[in-house]
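Observations on the model geometry
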Amino acid sequence: MTPTSTGALHPRSRHQGRYDFGTLVQDTPELEPFVVTTPAGQASIDFANPAAVRMLNRALLKTHYGLAHWDLPANYLCPPIPGRADYIHHLADLLADDNSNIPMQGASVRVLDIGVGASCIYPLLGHREYGWHFLGSDIDPIALSAAKTIVQANQLTQAIELRQQRQQNHILTGLLARGESFELTLCNPPFHASPEAAQNGTQRKWRGLKKTHASHTPVLNFGGRNNELWCEGGEAGFIRQMIEESVPLHGRILWFSTLVSSASNLQGISRALKQAQAVNVRTIEMAQGQKQSRFVAWTFHEPRARREWLRGRSHG
């Protein structure tokens, strides 16, 4: 499982350099009250303020992706958009490797977002950047309702489908309809193994921000409900289960993938993928400023079979 390192935002990212707060405020005036001046004299926001982060996301999605409506219910995960966009761009490169290095565009590319969340962020970005068709799944009906509101408000119902995973103890099993197939899956799995670990993680983030919440109860600046932040076994357990459930679907999905927050989990993931007899495994390292992240992708298809699959999509 050889990692590929980038060290910076993807070259196709719309988010190179500092945020242009002048343009963002012009397009989304509601952002202006949240803009502050740093000691260095630069415009920014207070990233410890969930309302400010949510409004920044709304402005970024409007300015860079033409999305007129985006909002979240209280306490749901508010994703950092540049990092989420990078995952999409690197997945496009993954397909391009078997398509003469040409990123694939259009609705013939079908992508499954496992745990789409209330933000619906990956389908929004993936459709805007590449025109891909998305199925977003989640176990949380409130998150799906919020995502549906976003999709409908932006007139994207033909491009983004949402579906509840009703088997609470499964990730992929029982989710797909008869005859469905996908070029890609993506996922941002729960990181923590318990509510206590999630709370401790929140407190560490606040210590890093050197902030104290007014109520003396730390809140995560990017939010997150229980099922978004923790599950039994934590990230490692979730991904092991995803790998196990990917095996019976090997003929219906070209590339499986998931974010991996903790590099210490990579060795165990590698062992699980070897046991599952994945044909090819990639670890893609990503960076946003000082924040390091990565995703692991695996396939059960040999290179020739992958090229034939994508050729069929291109001419389909």
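The preceding data block contains the structure.
In what follows, the accompanying structure is described. Source: prediction; values computed, not measured.

Quick look at the nonpolar core now. What tends to happen in soluble globular proteins is that the nonpolar side chains get buried as a cluster. Core analysis: the largest hydrophobic core is formed by 59 residues, its most contacted members being Leu31 and Trp132. Among all residues touching Leu31, those that are not within four sequence positions of it are Phe21, Leu24, Val25, Ile45, Met55, Leu56 and Ala59.

Once that is clear, we can look at helix H8 (residues 234-246). The α-helix advances 3.6 residues per turn, and as a result positions three or four apart in sequence lie on the same side. Taking 1.5 Å of rise per residue, the 13 residues of H8 would be expected to cover 18 Å, and the 18 Å separating its terminal C-alpha atoms lies within 8% of that figure. With respect to burial, H8 is a largely interior element, ten of its 13 residues being buried. Taken residue by residue, H8 has Gly234, Glu235, Ala236, Gly237, Phe238, Ile239, Met242, Ile243, Glu245 and Ser246 as its buried positions. Tucked inside the fold, the buried residues of H8 contact strand E4 (110-114), strand E7 (182-187), strand E8 (253-259), helix H9 (266-275) and strand E10 (291-299).

Next up on the list: the packing of aromatic side chains. Between two aromatic rings, the relevant description is the distance of the centres plus the angle of the planes. Tallying each qualifying case throughout the model produces seven aromatic pairs. Between Phe256 and Trp298 the ring centres are 5.7 Å apart and the planes differ by 10°, which places this aromatic pair in the stacked class. Of this pair, Phe256 sits in strand E8 while Trp298 sits in strand E10, and the two are 42 residues apart along the sequence. Of the two residues, Phe256 and Trp298, neither departs from the other in class, the shared state being buried. Seen in terms of ring centroids, Phe256 and Phe300 are 6.1 Å apart; in terms of plane orientation they differ by 80°. Their pairing is edge-to-face. Separated by 44 residues along the polypeptide, Phe256 in strand E8 and Phe300 in the loop between E10 and helix H10 (303-314) bring together distant segments of the chain. Phe256 gets classed as buried once you look at its relative accessible area, which sits at 0%. Residue class for Phe300 comes out buried when judged on its relative accessible area of 16%. By the ring-pair criterion, three or more aromatic residues cluster together here, those being Tyr87, Tyr122 and Phe295.

Reading the values: rules and limits
- Residues numbered from 1 in each chain as written.
- Predicted model: local features only at pLDDT ≥ 70, side-chain atom pairs only at ≥ 80, totals over all residues.
- Heavy atoms only, no water.
- Core = buried A, V, L, I, M, F, W, Y, C linked by side-chain atoms within 4.5 Å.
- Buried < 20%, exposed > 50% of the residue type's maximum accessible area, 1.4 Å probe, protein only.
- Contact = heavy atoms within 4.5 Å.
- Helix = DSSP H or I, 4+ residues; strand = E, 2+ residues; numbered from the N terminus.
- Expected span 1.5 Å × (residues − 1).
- Phe/Tyr/Trp six-rings, centres within 6.5 Å; stacked < 30°, edge-to-face > 60°.

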